[in-house]
Amino acid sequence: MQGALGSSSRSMDKILVHGGYPLSGSIKISGSKNSALPIIAASLLTRDPCVLHRVPDLSDTNYMLQILMHLGAEVERASGTVTVKAEKVESIAPYEIVRKMRASVCVLGPLLGRCKEATVSLPGGCVIGDRPIDLHLKGFQSLGAAVRVENGNVKVFAPKLTGAIVSLRGKFGPTVLGTDNVMMAAVLAEGTTVIEGAAAEPEVCDLADFLNKMGAKIEGAGTRRIIIEGVHELHGAEHHIIPDRIETGTFLVAGAICGKGITLNRVCPGHVASVTTALTEAGYKVVTTENSISVSPNGSVPKALELVTEPYPGFPTDMQAQMCALLSTTEGISTITENVFPQRYMHLAELKRMGAQVQIEGATAIIQGVERLYGAPVMASDLRASAALVLAGLKADGVTEVRRVYHIDRGYEHLDEKLSELGAHIERVKE
Ligand code: UD1
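Note that this is a predicted model, so its numbers are computed, not measured.

Cut-offs used in this document
- Residues numbered from 1 in each chain as written.
- Predicted model: local features only at pLDDT ≥ 70, side-chain atom pairs only at ≥ 80, totals over all residues.
- Heavy atoms only, no water.
- Buried < 20%, exposed > 50% of the residue type's maximum accessible area, 1.4 Å probe, protein only.
- Helix = DSSP H or I, 4+ residues; strand = E, 2+ residues; numbered from the N terminus.
- Right-handed = clockwise from strand over helix to strand, strands pointing away.
- Pairing = 2+ DSSP bridges.
- Axes fitted to C-alpha atoms, helices over the stretch in contact; angles between N-to-C directions.
- Contact = heavy atoms within 4.5 Å.
- Parallel < 35°, antiparallel > 145°, perpendicular 65-115°, else oblique.
- Left-handed = near helix turned anticlockwise from the far one by under 90°.
- Nonpolar A, V, L, I, M, F, W, Y, C, P; charged D, E, K, R; others polar.
- Salt bridge = Lys/Arg side-chain N within 4 Å of Asp/Glu carboxyl O.
- Polar contact = N/O pair within 3.5 Å; in protein donor to acceptor, adjacent residues only side chain to side chain.

A.B. asks: Go over the pairing of strand S11 (residues 192-196), please, and point to the residues and values.
C.D. replies: For S11, a buried count of 4 out of 5 residues is recorded, marking the element as mostly surrounded by other parts of the structure. For the crossover from strand S10 (residues 165-167) across helix H6 (residues 176-186) to S11, the handedness is right-handed. As judged from the 5 bridges shared by S11 and strand S13 (residues 225-229), these two strands associate in the antiparallel manner. Across the sheet, Thr-193 pairs through a bridge with Ile-228, a residue of S13.

A.B. asks: Describe the sheet that holds strand S4 (residues 74-78), naming the residues involved and giving the relevant values.
C.D. replies: An order of S4-S5-S3-S14 is seen for the 4 strands of this open sheet, with the pairing classed as mixed. The strands lining the two open edges of the sheet, one partner per strand, are S4 and strand S14 (238-240). Sheet twist, expressed as the average angle between the axes of neighbouring strands with direction ignored, equals 15 degrees. Taken together, the 3 bridges between strand S3 (residues 49-53) and S14 define a ladder with parallel strand orientation. Bridge assignment links Leu-52 to a residue of S14, and that residue is His-239. Here helix H2 (residues 59-70) sits on the sheet and contacts S4 and strand S5 (81-85); the angle it forms with S4, its principal contact strand, is near 150 degrees.

A.B. asks: Could you give an account of the packing of helix H1 (residues 33-42) against helix H7 (residues 202-213), naming the residues involved and the relevant values?
C.D. replies: At a minimum axis distance of 9 Å, the contact between H1 and H7 shows a crossing angle of 30 degrees. Taken together, H1 and H7 sit at an angle that is classed as roughly parallel. Crossing angle aside, the handedness with which H1 passes H7 is right-handed. Where H1 approaches H7, its residues Asn-34, Ser-35, Pro-38, Ile-39 and Ala-42 are matched on the opposing element by Glu-203, Asp-206, Leu-207, Phe-210 and Leu-211. Taken together, the residues of the contact of H1 with H7 break down into 6 nonpolar, 2 polar and 2 charged.

A.B. asks: I'd love a proper account of the pattern of salt bridges, names of residues and values included.
C.D. replies: Counting across every chain of the model gives 17 salt bridges. Taking the shortest distance from any N to any O, the salt bridge between Glu-196 and Arg-225 comes out at 3.5 Å. Taken as a pair, Glu-196 in strand S11 and Arg-225 in strand S13 lie far apart in primary sequence, 29 residues in all. Looking at Arg-225, the relative accessible area reads 42%, which means it is partly exposed. A network of salt bridges, in which partner residues are shared, links Asp-13, Asp-409, Asp-416, Arg-428 and Lys-430.

A.B. asks: Report on H1, specifying residues and quantitative values.
C.D. replies: Among the 10 residues of H1, 9 are classified as buried, and the element is accordingly described as predominantly covered. By the burial criterion, the buried members of H1 are Lys-33, Ser-35, Ala-36, Leu-37, Pro-38, Ile-39, Ile-40, Ala-41 and Ala-42. One side-chain oxygen of the residue at the start of H1 lies 3.3 Å from the amide nitrogen of Asn-34, identifying that residue as Ser-32.

Below, the structure is given as C-alpha cells:
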C-alpha cells in the first residue's frame, strides 16, 4: 500500500514559524480525519470492496489502514482514494498495532458485528485526560455481548447480537466513537436497536450515510436518537468523506489571528457555525457561500469572548486550544470552559511561555489578552494543542519553534504547506 508509513519518517521534524506575516489568499480543506477513521473501520463489515474518496493523508488514517491490513484486509491507496477489501478478517488487533492511536478502538464495533467477537488492546493516543471506553462496552453488552478486560486487552463476544435500547448518556455528554461503535455492531444485529443519547456530530452522520450505502437501515443520525434495523449482510459501497470541520475551524482562526482576508474552499459552513458565530461576535468579518468561508478583519479591535465547549452543535472541544491562542491576542478578558474534556489544557503552559496571560480555575481558562506574543521554543502535547502553538506563532514576534510535530501529522494534512500558500513564513526542519 502506498503511503502507509508516509508520515512516520517526518515524525521527528520541528516546525519554525516566523511571526508577523499576514495571511491572504485561499486554500482547499481536506477530508475529515474523524469521519475517515470510523468509515475505514466500517469497511470491515463486508467482504466486498469499499471505495473511499477524500481520505486525508495523515498518520492516523495510515495507522487505521495498517490495522485493517493486519486484520487481513487488502488496502490500496492512490492519492485521496482508498479501496479496502476485507474478504477475510481476523478478530484480534494487538497492542503493537493499536497502541499509537486511540481511535483504533473503533474497529471493535465492526469486528463484533461481523465476527461476533473482537479483541483489541486498550487504546493509547492523545494525552487529553482520562479517556474511558465504558460507554462503548456498555452498548455492546446491551446488544447481548459479553465483555472481558484482561492483560491490557478488551475482548467482546456474543453468539449472536440482538437489537436493544442502548443508552449512551455519559457524565460528559454523548460519546462520538461510542455511538459509531454501537452503530457499527448493531447494523448486523437481529432486530431493531435504538441508541438513546447518541452523539449528533457530522462525522456520525457521515458514517451512517456510508453504512446505509452498504445496505444498513439507519435513521435519525444527527439527532440524539438513532434507530437501526438490523440486516443480514452488508455489501460494498463508494463514499466521499465530508470536509474536516476542525481543519476548517483551525484555518479560520489562522485567518483571524493574522489575516488580511483568507478564503477556505471545499468546506461545509453549517458544520462550523459555532466557530463562525464566535468569530463574528469577536468582531471579525465572516462571509459564507454554499461551500466556502472567508474571514477578514472588520476594521474594529477584536473583542474578548466567553466560550463553553459542548457536544455538536455547540462549540467543539477540538477548537478550544486554537481559540485560546486567538483570545490571548484580543483585547480584554476571555473565558473558555471545557465541558467535554475538563483536563484538556496542556497547551496553556506553552502559550504562557510565548507571553500569553492565562490562568485555570476548575475547567475554565481565564485569558487576559496581551498586545504581543513572543516566539519561543515550545513543545506540542497533543494534536489540537500543537495547532494552537503554530497559530500563536503566526502572530508572535520572532521565531516560534514547535517540537513534536508528529502530533500535527496525526490530524492536519500538509498544515505547513497550506499556511505557506497563504503567505505564512513557516518551515519544517529536522530536529
Ligand atoms: C471524538 C473525536 C475527538 C473529539 C471528541 C469529542 C474522533 C476520532 N475523535 O473522540 O477528536 O475531541 O470526539 O468531540 O472522532 N467518555 C466516557 N466514556 C466513554 C466514552 C467517552 O466517559 O466510554 C467521555 C470522554 O472521557 C469525554 C466525553 O465522554 O469526556 C466525550 O468523549 P467522546 O465523544 O467519546 O470522544 P471520542 O469519541 O473518543
